[in-house]
Amino acid sequence: MNEALLKLYAITDRSGLKDGERLADKVEKAILGGVTIVQLREKHLTGEALKKEALEVKEICNRYGVPLIINDDVTLAKDIDADGVHVGQSDMEVAGARKILGSEKIIGATAKTVEQAKRAFEEGADYLGSGAIFGSNTKTDAKPMTMELLNTITQSVPIPVVAIGGIDASNASKLKGTLISGVAVINGIFGQNNVRYAASRVKNALFNRPVVQCITNHVTVNDVANTVLIMGASPIMAHHIKEVEEIQKNASALVLNLGATDDYEAMKAAMKKACEEGHPIVIDPVGVAVSSFRRKAFEELLSVGRPTCIRGNYSEILALYRERNTLSGLDDEADGSDIDQRAKVVEKLAEKTEAIVVASGETDIISDGRTTLYSDSGHPMLREITGSGCMLSASIASAYALCERADIYLTHGICDHFGSVAFKAAQATLNMNKGTMTFRQQFLDNL
C-alpha cells in the first residue's frame, strides 16, 4: 500500500462527544488537521447503530479521499465497502480477512512481537500496528514497548509499521529517528477539545510543519499568512526573485496570486523550482477578468509548468477560458449562464490546463476535467470582506502541503469547509447585530 497514507492514522473514540455532536464531524476536523487514514473503532456500538456510524464516517472519508478502515469487523467492512479492516491478535486471522475482502482492500494487523509481525506479513497484511509505545489511554492493560523492539519489528518485515499507544503532540517527536511509517492516535486527537489543531500538532511534531511559499498581493498578505498558520502550515511571504527558488526548494507548496503584479518574474522562477521539486502549486488569477496584462502573465506561468489548482471566481475562470475580459469589476458575477453551463466552462479549462479548477461563487464548482463536484456551503457576507478568495487559495495550498496529496476530493472538502465556516461566522455576526469587521474576525476564529 501507499506508505504515505499511514503518516497520521486516526482511530476514533466517541467517548468525548458533546451533546448533539457527531463523530463524523470530528473525523472531518481531524482530516482537515492532516489525518491521512481513519479507523472506526467503537467497541460500545453494535449492529445497526455501528453500521449507521460507519456509513456517516465513510461519507466524510469519501468526501476527502481518505481511506476508512474498520476495526475487527470484517463483515461490516465488506457490507459498507470500506477501504479495509484492522485485526488484532484475538480477532480473525489476516488470511481469513483477506479471503473475505479480496486482494484490493487494505488489511492491517496488530503485532507486538517479531513472530507476530512475520506471521501477519506472510498471511497478506498490508501494514502493522505496533505498541503500546507510550502505554495506552484506552487499554489499561497495555504494556509499553521499547523503541528497540519497535525498530526490530519494523526491520523484520517489508511492509510499513505504524506506532500506537499513548501518542500525542507532547511525545510524538520522541519517535523521530525510528523506522516507523507513521503514528496511530486515539486520545491525542479525539480526546482533545480542538480536534483539527490536535491532529496538526501531532503531525507537525513528528514530521515538522510544512512551509507554504506565498507570492500574493499586498492588500491581503496578512490574512493569507494567518490563514496558512491557522490551517497548520507555516507561511513565508517571499517575493524577491533572488530568493524564491532557494525558499521553494525547502517549502512544501506554492501560492501564486496574480494580484502581485510586480512579481511575475519571481513567480515564474518559484513555479519552475516547485515543478522540479514536485510541490503542489495553486494559482489565484485575481483580476484576469479585467486585465489582459494579468492574463498574459497567467499564460507565461503555464509555459513554465502545470499548476495543481487554479482557483478564482467564475468571472476570472471564464476570462481564462475565453481569453478576454468578461466584466467591469473584480468581484462581479459574469455571464448569466446557469450552473450547468458554468460547470462546462470549468471542466473545459481543467481539461486544457490539466489542473484542478475551482470557480468560487454562490455555488463553488470544482473540476479536474473528469469529475466535477459542487459546494453550496458559504454565505453572501464572504463577498463583503477583502481577500476571502485569496484565503481560500491559501487554504487549499496548505491542505495539499499538510495532507501531502492534491486531488479533487481534498480540494472539494476544503471549499466545503471554508463555506461552512463562513456560514457559522455570518450567523454569529448577525446574532450580535454587527457588521463586516466582526464577520472577518469570526471567520478567522472559526477557520
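Everything discussed here concerns the structure shown above.
Given the structure is predicted, the values throughout are model-derived calculations rather than measurements. (Residues numbered from 1 in each chain as written. Predicted model: local features only at pLDDT ≥ 70, side-chain atom pairs only at ≥ 80, totals over all residues. Heavy atoms only, no water.)

**A closer look at helix H5 (residues 114–123)**
What H5 keeps buried is the set Val114, Gln116, Ala117 and Ala120. Down the axis of H5, the sector holding all buried residues measures 160 degrees, keeping them to one side. Those residues of H5 that are exposed and angled more than 90 degrees off the buried face are Glu115 and Glu122. For H5, the elements touching its buried residues are helix H4 (94–101), strand S5 (106–110), strand S6 (127–130) and helix H6 (147–156). Two residues or fewer after H5 comes glycine 124, characterised by a positive phi angle close to 110 degrees. (Buried < 20%, exposed > 50% of the residue type's maximum accessible area, 1.4 Å probe, protein only. Helix = DSSP H or I, 4+ residues; strand = E, 2+ residues; numbered from the N terminus. Arc of directions from axis to C-beta. Contact = heavy atoms within 4.5 Å.)

**Topic: the pattern of salt bridges**
Within the structure shown, the criterion is met by 22 salt bridges. For the salt bridge of aspartate 72 with lysine 43, the shortest nitrogen-to-oxygen distance reads 2.4 Å. With aspartate 72 in the loop between strand S3 (68–71) and helix H3 (74–79) and lysine 43 in the loop between strand S2 (37–40) and helix H2 (47–64), this pair connects stretches of sequence that are 29 residues apart. On the basis of relative accessibility, which here comes to 48%, the residue lysine 43 falls in the partly exposed class. One salt bridge in this structure joins lysine 203 and glutamate 404, with 3.7 Å as the shortest N-O distance. Placement of lysine 203 in helix H8 (residues 195–207) and of glutamate 404 in the loop between helix H15 (388–403) and helix H16 (408–431) is noted, with a sequence separation of 201 residues between them. (Salt bridge = Lys/Arg side-chain N within 4 Å of Asp/Glu carboxyl O.)

**Concerning the packing of helix H1 (residues 23–32) against H8**
At their nearest, the axes of H1 and H8 sit 7 Å apart, and the two run at 35 degrees to each other. In terms of crossing hand, the pair formed by H1 and H8 is right-handed. Contacts between H1 and H8 involve Lys26, Lys29, Ala30 and Leu32 from the first element and Val195, Arg196 and Ala199 from the second. (Axes fitted to C-alpha atoms, helices over the stretch in contact; angles between N-to-C directions. Left-handed = near helix turned anticlockwise from the far one by under 90°.)

**Quick word on the side chain of asparagine 257**
Residue placement: asparagine 257 occurs in strand S11 (residues 253–257). For asparagine 257, a relative accessible area of 1% translates into the label buried. At 3.2 Å, the side chain of asparagine 257 and the side chain of asparagine 217 are in polar contact. A polar contact is formed between the side chain of asparagine 257 and the backbone nitrogen of glycine 259, at a distance of 2.8 Å. (Polar contact = N/O pair within 3.5 Å; in protein donor to acceptor, adjacent residues only side chain to side chain.)

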